[in-house]
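# An overview of the molecular structure
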Amino acid sequence: MLTPVASDTPATRVHRIEVHPQPHAGDPIADRVIREAAALGLTVTAAHTARVYLIEAAINDDTLARITEGLLADPVTETAVGGASDNTNAALIEVHPLPGVMDPAAASVRDALRDLYQITSEVSTGIRYTFDGISQAQADTLAARLLMNPVVQAAPTAPPPPPAHPQRHHHPTPRTP
């Protein structure tokens, strides 16, 4: 009877990383959204943003930590969190490019993972907005009016990563010699 051999290669799965500005660094995107919401008659008492990366790859925890700290987040001005942040008392909007729409930030991360870590991956990006002082319905209105272009972006109602990465059409990044 043969005994299965344990593999050192982790299973391919979707890893979600959120990169938040540190409090001392400020959050200019959130500040702008608060001002623009006020112009629409919405009183947002606080807002926070985070860049979201969905990386589908076979990556172990140590490598994911190195990627997060060395590639995705600036340790001086940002904090990276694996998974979805808690948003129990805030309205939440998360905006992602639609499948088939170019995602240049995702292409850059995918290329860096290949070139620096020899990792084959699928990557998509988004931005997460959390709001205090308004309802989820008001946040949805804010998203539709200010935060996204429905032709090329979507604001899914559930922010955790999908069971499988959305299919994208890759447009190779031109390489210069």
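Since the model is a prediction, treat every value here as computed from it, not as a measurement.

### Details of the packing of aromatic side chains
- Counted by the stated rule, this structure contains one aromatic pair.
- Seen from their ring centres, Tyr 129 and Phe 131 are 6.2 Å apart, and the 5 degrees between their planes marks the pair as stacked. Side by side, Tyr 129 and Phe 131 carry an identical accessibility label, which is buried.

### A look at the pairing of strand 2 (residues 46-57)
- Where burial is concerned, most of strand 2 is hidden: nine out of the twelve residues are buried.
- For strand 2 and strand 5 (residues 122-132), the ladder comprises eleven bridges, and the chain directions are antiparallel. Within strand 5, the residue paired with Ala 47 across the bridge is Phe 131.

### Some remarks on helix 3 (residues 104-117)
- Spanning 14 residues, helix 3 covers 19 Å between terminal C-alpha atoms, matching the ideal 20 Å at 1.5 Å per step.
- Of the positions making up helix 3, those classed as buried are Ala 106, Ala 107, Val 109, Arg 110, Asp 111, Ala 112 and Leu 113.
- In the segment just after helix 3, Gln 118 is the residue with positive phi, at about 55 degrees.

What counts as what
- Residues numbered from 1 in each chain as written.
- Predicted model: local features only at pLDDT ≥ 70, side-chain atom pairs only at ≥ 80, totals over all residues.
- Heavy atoms only, no water.
- Phe/Tyr/Trp six-rings, centres within 6.5 Å; stacked < 30°, edge-to-face > 60°.
- Buried < 20%, exposed > 50% of the residue type's maximum accessible area, 1.4 Å probe, protein only.
- Helix = DSSP H or I, 4+ residues; strand = E, 2+ residues; numbered from the N terminus.
- Pairing = 2+ DSSP bridges.
- Expected span 1.5 Å × (residues − 1).

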